[in-house]
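Residue-level structural notes
What follows is the residue order along each chain.
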Amino acid sequence: MGEADPRVFFAAERTLLAWVRTGLTVMALGFVVARFGLFLRLLQLQSQAQPERNGLGVSAILGVLFVLVGALAVLLATVQHQRFISTLPPSDRPALYRREFAVLFAAAIGVLGLLLAVYLVVSPA
């Protein structure tokens, strides 16, 4: 067998964390898009104009879809990371390093993203 190379493990962890950042960015964009329709509705009410129903619900739907895509990306990246790490020989995994934190953190971000999508659907807009 060859020498131990923990760089492979750390590269996989950096990839997971890159997916977490990407998922968080997509979720944040989705939240902004979802709430933009509410902002437009409030502007129409303030100007005493008759609120138009055309297109205002689209931003909420798109926003929720963005949040869902971001959350699913994080969750799927977490599963993929777990699968890849399980294929590494023990010599490539750092002995005193706890990998559970990154996995639990990523899974928590994914679950919170799903909860945010539910909140956007059920919250009064």
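Everything discussed here concerns the structure shown above.
Presented here is a report on the structure given in the accompanying data block. Small disclaimer: the values here were computed from a predicted structure and weren't measured. (Residues numbered from 1 in each chain as written. Predicted model: local features only at pLDDT ≥ 70, side-chain atom pairs only at ≥ 80, totals over all residues. Heavy atoms only, no water.)

**Here's the deal with the packing of aromatic side chains**
Quick note on the threshold: Stacked, tilted and edge-to-face are the three classes applied to pairs of Phe, Tyr and Trp rings, where Trp contributes its six-membered ring and a pair requires centres within 6.5 Å; stacked means planes under 30 degrees apart, edge-to-face means over 60, and tilted covers the rest. The way it works is that DSSP assigns letters per residue, a run of H or I at least four long becomes a helix, a run of E at least two long becomes a strand, and they are numbered from the N terminus. Here the term buried applies to any residue with accessible area under 20% of the maximum for its type, exposed to any over 50%, and partly exposed to those in between, with areas from a 1.4 Å probe on protein chains only.
Enumeration according to the criterion identifies four aromatic pairs in this entry. Seen in terms of ring centroids, Phe 9 and Tyr 97 are 5.7 Å apart; in terms of plane orientation they differ by 75°. Their pairing is edge-to-face. Of this pair, Phe 9 sits in helix H1 (residues 7-46) while Tyr 97 sits in the loop between helix H2 (56-87) and helix H3 (100-122), and the two are 88 residues apart along the sequence. Given the relative accessible area of 1%, Phe 9 is considered buried. Three or more aromatic residues joined by ring pairs form one cluster here, namely Phe 9, Phe 10 and Tyr 97.

**Here we look at the packing of H1 against H3**
To keep it simple, the criterion reads: The axes used here are C-alpha line fits, helices contributing only the stretch in contact, and every angle between their N-to-C directions lies in the interval 0 to 180 degrees. These descriptions rest on fixed angle ranges, namely under 35 degrees for roughly parallel, over 145 for roughly antiparallel, 65 to 115 for roughly perpendicular, and the rest for oblique. Here a crossing is called left-handed whenever its near helix is offset anticlockwise from the far helix by less than a right angle, and right-handed whenever the offset is clockwise. We call two residues in contact when some of their heavy atoms are within 4.5 Å. Charged residues are taken to be Asp, Glu, Lys and Arg, nonpolar residues to be Ala, Val, Leu, Ile, Met, Phe, Trp, Tyr, Cys and Pro, and polar residues to be all remaining types, Gly included.
Two elements in contact, H1 and H3, have axes separated by 11 Å at closest approach and are oriented at 15°. Of the possible angle classes, the one that applies to H1 and H3 is roughly parallel. For the pair H1 and H3, the sense of crossing is left-handed. The residues of H3 that touch H1, namely those facing Glu 13, Leu 16, Val 20, Leu 24, Met 27, Phe 31, Ala 34 and Arg 35, are Ala 102, Val 103, Phe 105, Ala 106, Ile 109, Gly 113, Leu 116, Tyr 119 and Leu 120. Residue composition of the contact of H1 with H3, by class: 14 nonpolar, one polar and two charged.

**Observations regarding H1**
Short version of the rule: Multiplying 1.5 Å by the helix residue count minus one yields the expected span of that helix.
The end-to-end C-alpha separation of H1 is 58 Å, in line with the 58 Å expected for 40 residues at 1.5 Å each. Two residues or fewer after H1 comes Gln 48, characterised by a positive phi angle close to 65°.

**Comments concerning the side chain of Thr 78**
Here Thr 78 lies in helix H2. Classification of Thr 78 as buried rests on a relative accessible area of 5%. Once you skip the residues sitting within four places of it in the chain, Thr 78 turns out to touch Leu 16, Val 103, Ala 106 and Ala 107.

**Brief notes about the pattern of salt bridges**
Our working rule: Counted as salt bridges are all cases of a side-chain nitrogen of Lys or Arg within 4 Å of a carboxyl oxygen of Asp or Glu.
By the definition in use, this model includes one salt bridge. Among the salt bridges present, the one from Glu 100 reaches Arg 98, with a minimum N-O distance of 3.2 Å. Residue classification places Glu 100 among the partly exposed residues on the basis of a relative accessible area of 38%. On the basis of relative accessible area, Arg 98 is assigned to the exposed category, the value being 62%.

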